[in-house]
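A closer look at the structure
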Amino acid sequence: MISGNSFKQTVGTSSIIRNKAMSVACVCALSLLGLSAALLTRAAQQDQTSTPNILLEGDWVRTDTNGSGDFGGLNANVAKAQLTPAGEAIASRAGRGRGGRGGATPPAAAPASGAKETPHAAGQAYVLVSMPCNGMPGNGMGSFNPDSGGFHLIVGKTQVVWAQERGGSRIIYIDGRPHPDITNSAHPVYNSTGHFEDGVLVVDTVGLPTGGGIPGGAVRGPNTHLTERFEVSPDGQHMKIVYTYSDPSLYVAPHTYTYTFDRAAPAPTYAFEEWCDASDPIEGQSIVPPAQQ
Amino acid sequence: MVGSPGLASRLYSSTEKGPDRELIAARNGGSVKNFIVGCLAIFLAATVLTLRVGSAQGPYDSQAAMSNNSSDPRDLSGFWALSIDSRQIPPAVLVPTVTKTAIEKREKADQKAIRWCNLLGMPYIMDPGRPIDIQLGKREMVVFAEVPASPRHIYLDRSAHIDPQIFDPTTNGDSIGHWEGNTLVVDTIGFHPDRGITAIPGGGFRTATTHLVEQYQLLENGALLSVKFTWSDPKVYKTPHSYEFHYYRMPANYEPPPGLPCNQYDDLRTQFLGFTPAAVRKPSDVPGAR
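All values reported here derive from a predicted model rather than from experimental measurement.

Residue and element names in this part refer to chain A. Strand order around the closed barrel formed by nine strands is β1-β2-β3-β4-β5-β6-β9-β10-β11, with mixed pairing between neighbours. In this sheet, adjacent strand axes meet at a mean angle of 30° when their direction is disregarded. Judged from the seven bridges that link them, strand β5 (residues 191–197) and strand β6 (residues 200–206) form a sheet pairing that is antiparallel. In the strand pairing of β6, Ser 192 is matched with Thr 205.

Below, the discussion takes up the state of the cysteines. Considering all chains together, one arrives at two disulfides over all chains under this definition. Residue Cys 133 of chain A pairs covalently with Cys 276 of chain A via a disulfide, S to S 1.9 Å. Measuring handedness by torsion sign, the sulfur bridge of Cys 133 of chain A and Cys 276 of chain A sits at about -85° and is left-handed. Taken as a pair, Cys 133 of chain A in the loop between α2 (85–94) and α3 (140–143) and Cys 276 of chain A in the segment after β11 (255–263) lie far apart in primary sequence, 143 residues in all. With respect to class, Cys 133 of chain A is no different from Cys 276 of chain A; both count as buried. With a sulfur-sulfur separation of 2.1 Å, Cys 117 of chain B is cross-linked through a disulfide to Cys 262 of chain B. Across the S-S bond of Cys 117 of chain B and Cys 262 of chain B the torsion is about -90°, and the bridge reads as left-handed. One end of the pair, Cys 117 of chain B, is in the loop between α5 (100–115) and β3 (132–136); the other, Cys 262 of chain B, is in the loop between β10 (241–249) and α6 (267–272), and 145 residues separate them in sequence. According to the relative accessible area criterion, Cys 117 of chain B is buried, its value standing at 8%.

What follows covers the pairing of strand β8 (residues 211–219) of chain B. All names here are of chain B. Where burial is concerned, the two faces of β8 differ: the one with Leu 212, Glu 214, Tyr 216 and Leu 218 is buried and the one with His 211, Val 213, Gln 215, Gln 217 and Leu 219 is not. Two strands pair when backbone bridges link them, and strand β7 (residues 183–189) and β8 are joined in this way by five bridges, in the antiparallel orientation. Within β8, the position partnered with Asp 187 by the bridge is Val 213. Two elements, β8 and strand β9 (residues 224–232), share nine bridges in a ladder whose sense is antiparallel.

Turning our attention to the pattern of salt bridges. Pairing of side chains with opposite charge becomes possible as their charged atoms draw close. Evaluated as defined, the whole model comprises 13 salt bridges over all chains. Among the salt bridges present, the one from Arg 139 of chain B reaches Asp 59 of chain A, with a minimum N-O distance of 2.8 Å. With Arg 139 of chain B in the loop between β3 and β4 (140–144) and Asp 59 of chain A in strand β1 (residues 58–62), the pair connects residues from two separate chains. One exposure class covers both Arg 139 of chain B and Asp 59 of chain A, and it is buried.

The next subject is empty space enclosed by the protein. One pass over the structure, following the stated rule, counts three cavities of 30 Å³ or more. For the largest cavity, the calculated volume is near 160 Å³. Together, 18 residues line the largest cavity, and Ala 271 of chain A together with Pro 151, His 153, Thr 170 and Gly 173 of chain B are the ones closest to its centre. Within the residue set of the lining of the largest cavity, elements represented by two or more residues are β5 (152–155) and β6 (174–180) of chain B.

Before going further, it helps to spend a moment on the environment of Tyr 251 of chain A. The topology assignment puts Tyr 251 of chain A in the loop between β10 (238–246) and β11. Spatially, the C-alpha atoms of Tyr 251 of chain A and Val 202 of chain A are 21 Å apart, while their sequence positions differ by 49 residues.

Attention now goes to the pairing of strand β7 (residues 211–214) of chain A. Residues and elements named next belong to chain A. In this structure, β7 lies alongside strand β8 (residues 218–220), joined through two bridges in antiparallel fashion. If you follow Ile 214 over to β8, its bridge partner there is Ala 218. Where β7 hands over to β8, the hairpin turn is made up of three residues, of which Gly 216 adopts a positive phi near 85°.

The next thing to look at is the environment of Asn 263 of chain B. Residue and element names in this part refer to chain B. The residue Asn 263 is located in the loop between β10 and α6 in this model. Along the backbone, Asn 263 and Cys 117 are 146 residues apart, and their C-alpha atoms lie at a distance of 6.9 Å. Reaching out from Asn 263, the side chain makes a polar contact with the backbone nitrogen of Tyr 265 at a distance of 2.9 Å.

Residues and elements named next belong to chain A. Taken as a whole, this structure holds 16 aromatic pairs over all chains when the rule is applied. Taking 5.2 Å as the distance between ring centres and 65° as the angle between the ring planes, the aromatic pair formed by Tyr 243 and Tyr 259 counts as edge-to-face. Note that Tyr 243 is positioned in strand β10 and Tyr 259 in strand β11, a separation of 16 residues in sequence. A residue is classified by how much of its surface remains accessible, and Tyr 243, at 0% relative accessible area, is buried. Owing to a relative accessible area of 3%, Tyr 259 belongs among the buried residues under this scheme.

Counting 34 residues, the largest nonpolar core has Leu 56, Phe 230, Met 239 and Tyr 251 of chain A as the members making the most contacts within it. Put simply, the parts of the chain that give this core at least two residues each are α2, β2 (151–155), β3 (159–164), β6, β8, β9 (225–232), β10 and β11 of chain A. In terms of residue count, β10 of chain A provides more of this core than any other element does, four residues in total. Counting 33 residues, the second-largest nonpolar core is a separate cluster that includes Trp 80, Trp 231, Tyr 243 and Phe 245 of chain B.

Overall, the prediction assigns chain A a mean pLDDT of 77, with 68% of residues at 70 or greater. For residues 39–49 of chain A, every residue scores under 50 in pLDDT, and the model assigns this stretch 15 contacts once sequence neighbours within four places are set aside.

All names here are of chain A. Within the span of α2, buried status applies to Gly 87, Ile 90 and Ala 91. Seen end-on, α2 carries its buried residues on one side only, within an arc spanning 100°. Residues of α2 that are exposed and point more than 90 degrees away from the buried face comprise Pro 85, Ser 92 and Arg 93. Close packing links the buried residues of α2 with β7 and β8.

Cut-off values and rules
- Residues numbered from 1 in each chain as written.
- Chains lettered and ligands numbered in written order.
- Predicted model: local features only at pLDDT ≥ 70, side-chain atom pairs only at ≥ 80, totals over all residues.
- Heavy atoms only, no water.
- Pairing = 2+ DSSP bridges.
- Helix = DSSP H or I, 4+ residues; strand = E, 2+ residues; numbered from the N terminus.
- Axes fitted to C-alpha atoms, helices over the stretch in contact; angles between N-to-C directions.
- Disulfide = S-S within 2.5 Å.
- Buried < 20%, exposed > 50% of the residue type's maximum accessible area, 1.4 Å probe, protein only.
- Salt bridge = Lys/Arg side-chain N within 4 Å of Asp/Glu carboxyl O.
- 1 Å grid on protein atoms, 1.4 Å probe; cavity = no way out; pocket = protein on both sides within 12 Å on 5 of 7 lines; lining within 4 Å.
- Points joined across faces, edges and corners; volume = space filled by probe spheres on them.
- Polar contact = N/O pair within 3.5 Å; in protein donor to acceptor, adjacent residues only side chain to side chain.
- Phe/Tyr/Trp six-rings, centres within 6.5 Å; stacked < 30°, edge-to-face > 60°.
- Core = buried A, V, L, I, M, F, W, Y, C linked by side-chain atoms within 4.5 Å.
- pLDDT = per-residue confidence, 0-100.
- Contact = heavy atoms within 4.5 Å.
- Arc of directions from axis to C-beta.

Structure below.
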């Protein structure tokens, strides 16, 4: 039996212990709440960075930042790729030009000597392209290095679609899926996956066909990774894509260059259709020289 | 005390001095435990929430990737395939001017478009022999497949067509869409009269005056997509021509195989299609010619 005094003393001791316990519990609880708040804040920040940049969606055209005035000059400022001997071997097979169109068959016609320019009479067209429209649909190495054709980006739930005006589209999966195993594929198919980092679409591509056609005389092989960063300006009117090709077997150092684009204007903008009919003789020939004064 | 005696007395009690407060503290010994448990619960909930939000673009959900349905009645995005039982196409009622000769002329033109690997356009793109990809963006919905055709752009951000005086007709035309409940209604004009495959399922063909209305609606919890097509054209149809396709949703992890090549310079292919291979012209002797 506990006397009144001892009861008070017991209660008092118990009270002190419990007060301490309460204090510890409070500190603990506040710490947990603080941690929870921090985690929630981080989650919110992650949510913001992972949110697709809706400004990316729209119609884009490549810009001539060099003032080159012609398509051949657009890549004038791209530094030459630093290739390994294996990379040089691919480059020599592919040619060092600005890139072919990836046609299904090699040209059958005799190549032009290209040495002399013969004046043409008024009304006389000359053949510039012997096999026009070959390699369509698609442009710019299958939507990797766009040329003068406009293109359109659509940001869906699981894909970013790169739609071209010459037909064909490129899919960039943004649902977190991994690349498929393409190591044993006899005919590798490129595969692009992407995610958003602070509104910048970062895309990784594997499975590019072996060959050239990349600005700076760069090349692709079975193990090449291409990273693209799609960054839209804060006003939404401009975009740049930073390309980086990585492959230790082909490159001494990763090969990087940048393309710039403007959003098509004025609104409402819409996709054109770039028609090319190889059965039409006009497709491959020059403009007809007008009568000279 | 005025007001709620329960809450007020608890608040008041906690500030009391002396043995009563100690007794209250002794009685509240169990609530410390509850408090800690509550905090832990909050902590766990926050952690779970954090992990969920963080995984928005995190680990790939392979189970969800196998799914071929959707709880969102407007979730048209995905790959869709037509099967043997997917088409409900009644015969079209044509105007008398669409004679057998006129139809044969159109058929020849369609064969030529195939032979030369032209962009094939509508309505071929909606039944191209392989799954079509539909992606719903903020501004537009795009429809395409890995075949020789332009992607279809269905604009959701405008309610009027581009001025026909400005718009250059295309094989797909100018499409605008809007939602009526959970049905996407798409209106298309501006078709090119000659380019691509112009034949319309059930009879008839598209011309410069053709008007198409489509209704997209998900069925079967998103596993099926119904598209009702209604073609109108006073030069071709006596009455509007309607038919319906049911597309099956492909699993979310589906990836299309690469498009098959279309090579208009392949002589074997050309002959197989019943055409005579054309001579390839020699490029002129000028710089840059190829």
